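Remarks on the overall topology
Here's the letter readout for the chains.
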Amino acid sequence: MDFRLTDDQELLRRSVREFAETEIRPHVTEWDEAQHFPIELVPKLAGLGLMGIQCPEEFGGAGMSAIDYCICIEELARVDPSVALSVAAHNGLCTSHILMFGTDAQKRQYLVPLAQGEKIGAWGLTESSSGSDAAGMRTTATRDGAHWVLNGSKTFTTHGREGHILVAMAITDRPAASRGISAFIIEKGTPGLTPGKKEDKLGMRASETSEVLFDQCAVPESQLLGQPGRGFVDAMQVLDAGRIGIAALAVGLAQGAFEAALRYAQERRAFGKTISRFQAIQWKLADNATRIDAARLLTYRAAYLKDHDRQMTLESAMAKLYASEIAVQAADDCVQIHGGYGFVKDYPAEKYFRDVKLTTIGEGTSEIQRLVIARQLLAR
Ligand SMILES: Cc1cc2nc3c(=O)[nH]c(=O)nc-3n(C[C@H](O)[C@H](O)[C@H](O)COP(=O)(O)OP(=O)(O)OC[C@H]3O[C@@H](n4cnc5c(N)ncnc54)[C@H](O)[C@@H]3O)c2cc1C
């Protein structure tokens, strides 16, 4: 075993960190307050390969590994978790689903513009009455000659409004339950596809989240993604890998919050000394640094398994569960160490505190991660 990153990975970390510090950091508050999805950043992200991180070079991507992917998401989240969430959803859900289950023709048609940042990806599984119980969806797709016609809606879709290429799951054979759900690729502008309400969120406000509505939305047979009836099963595999990205996002966010807390503790004075001299503050810093390291190792282990084509359902759920929960603690401690200044917008603490909660909810709540972990353990 070797716990060190390679020289190339260290260089990648430095490049993405420098990019995030110069191109993102100055705008974080403005984008958050305006709930502005920074579409203008996309060509710059693409320039670094961040819109097709794990997509092979033959499809216009950067062909990086899952561990490289974690490094990229971590470094974006350290500065702005919203941008990291958008990049993770684009890469880890929409692009990844097409890469894993698309035909060669679908990959050529859709992956190239996604990986080059010419188009933004969205992925719709969740509906208003089915999130954790995703197979309880209501959206249907019925065959009409050479087309499938979708009716229904998706909720909480990242890039539901801004996205150009949507992968959506719909019921094609109701009696077959979760084995009767199929996936479709739908392009923005297809008649019958319209964005619904844009969500006004607690955190992750620069990442756009919207409803998507289907009203007699017809797509040709060639846009069925994967085998008919396999859409839900395939989506669960996409999520196994996607959760590694959310774990990395949580690690990066926790790292950002920790660094802000460490910096502040060394500046702020009380009782004639910096607050970093108090053991109560030191223990918070020590505990957070230790937990962040543990979460990073769990995340890299899951990514390593993915890179070696090994099953990682258990490990990715463990990484996502642990990293998100320790990130909540890190953001909470960051606010606490800032005292009253943690409660106002002059410091980054309050934004980490708002953003972090998404990590215990998106791509499967903590309760669902525990359920996945327990099922895996009991099946052995
Ligand atoms: C900002 C944001 C972006 C998102 N992006 C996307 C996206 O791009 N695509 C997409 O498809 N979805 C997306 N989601 C949806 C997200 O994945 C769901 O919100 C999440 O899976 C939870 O579903 P729910 O909100 O319906 O909660 P529910 O499933 O209603 O859960 C409510 C509570 O009940 C608990 N619960 C439910 N079932 C069980 C059980 N069996 N055992 C124990 N506890 C249980 C949950 O853990 C939770 O605490 C996004 C959500 C947000 C907030």
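In the block above lies the structure referred to throughout.
Definitions and cut-offs
- Residues numbered from 1 in each chain as written.
- Predicted model: local features only at pLDDT ≥ 70, side-chain atom pairs only at ≥ 80, totals over all residues.
- Heavy atoms only, no water.
- Near = heavy atom within 4 Å.
- Polar contact = N/O pair within 3.5 Å; in protein donor to acceptor, adjacent residues only side chain to side chain.
- Areas by Shrake-Rupley, 256 points an atom, 1.4 Å probe, with all protein chains shown as cover.
- 1 Å grid on protein atoms, 1.4 Å probe; cavity = no way out; pocket = protein on both sides within 12 Å on 5 of 7 lines; lining within 4 Å.
- Sits in = over half its atoms within 2 Å of the grid points.
- Helix = DSSP H or I, 4+ residues; strand = E, 2+ residues; numbered from the N terminus.
- Disulfide = S-S within 2.5 Å.
- Salt bridge = Lys/Arg side-chain N within 4 Å of Asp/Glu carboxyl O.
- Buried < 20%, exposed > 50% of the residue type's maximum accessible area, 1.4 Å probe, protein only.
- Points joined across faces, edges and corners; volume = space filled by probe spheres on them.
- Nonpolar A, V, L, I, M, F, W, Y, C, P; charged D, E, K, R; others polar.
- Expected span 1.5 Å × (residues − 1).
- Bend = angle between axes of the 7 residues up to and from the residue.

If you check the shell around the ligand, you find 18 residues, and the closest are Thr126, Ser132, Phe156, Thr365 and Glu367. Take threonine 126: an N or O atom from its side chain is 2.7 Å from a nitrogen atom of the ligand. A distance of 3.5 Å is found between an oxygen atom of the ligand and a backbone nitrogen or oxygen belonging to glutamate 363. Surface burial for the ligand is 65%, taken as the share of its 970 Å² of free accessible area covered by protein chains. In this structure the site holding the ligand corresponds to the largest pocket. Residue assignment for the shell around the ligand shows that the elements contributing at least two residues are β1 (121-124), β3 (147-158) and α11 (366-378).

Per the stated rule, a full pass over the model turns up zero disulfides. Looking at the unpaired cysteine 72, the closest cysteine sulfur is the one in cysteine 70, lying at 9.1 Å.

Tallied over the entire structure, the rule returns 25 salt bridges. The partner of arginine 205 in a salt bridge is aspartate 32, with the nearest N and O atoms 3.9 Å apart. Of the two residues, arginine 205 sits in the loop between β6 (193-198) and β7 (209-220) while aspartate 32 sits in helix α2 (residues 28-34), which places them 173 residues apart along the sequence. On the accessibility criterion, aspartate 32 (3% relative accessible area) is buried. The partner of glutamate 350 in a salt bridge is arginine 354, and the shortest N-O contact between them spans 2.8 Å. Taken as a pair, glutamate 350 and arginine 354 lie in helix α10 (residues 349-355) at a separation of four residues, close to a single helical turn. Taking relative accessible area as the criterion, glutamate 350 reaches 13% and is therefore assigned buried. Classification of arginine 354 as buried rests on a relative accessible area of 13%. Put simply, Arg13, Arg17, Glu74, Glu75, Asp293 and Arg296 are held in one network by salt bridges that share partners.

Turning next to the layout of surface pockets. There is about 1,200 Å³ of room inside the largest pocket. Considering the residues around the largest pocket, the lining is formed by 46 residues, among which Thr126, Ile361, Gly362, Glu363 and Gly364 are closest to the centre. Put simply, the parts of the chain that give the lining of the largest pocket at least two residues each are α5 (81-101), β1, β3, α7 (231-267), α10 and α11. In terms of residues, the lining of the largest pocket owes the most to one element, α7, which gives six residues. Across the lining of the largest pocket, the residue classes break down as 20 nonpolar, 16 polar and ten charged. The calculated volume of the second largest pocket comes to roughly 530 Å³. Forming the boundary of the second largest pocket are 15 residues, of which Asp2, Phe3, Ile67, Leu297 and Tyr300 lie nearest the centre.

On to empty space enclosed by the protein, then. Under the counting rule described, the total for this entry stands at two cavities of 30 Å³ or more. Surrounding the largest cavity, 14 residues form its lining, Phe37, Val42, Leu45, Ser86 and Val87 being those nearest its centre. Sorting the residues of the lining of the largest cavity by element identifies α3 (42-47) and α5 as the ones contributing at least two each. In terms of residue count, α5 provides more of the lining of the largest cavity than any other element does, five residues in total. Across the lining of the largest cavity, the residue classes tally to ten nonpolar, four polar and no charged. Put simply, the second largest cavity is a space of about 50 Å³. Around the second largest cavity sit Arg25, Arg78, Gly256, Glu259, Ala260, Arg263 and Tyr352, which together line it.

Right, let's get into α7. Spanning 37 residues, α7 covers 53 Å between terminal C-alpha atoms, matching the ideal 54 Å at 1.5 Å per step. Remark: the principal bend of α7, roughly 30 degrees, maps to alanine 241. Counted residue by residue, α7 has 31 buried out of 37 residues, so it is predominantly covered.

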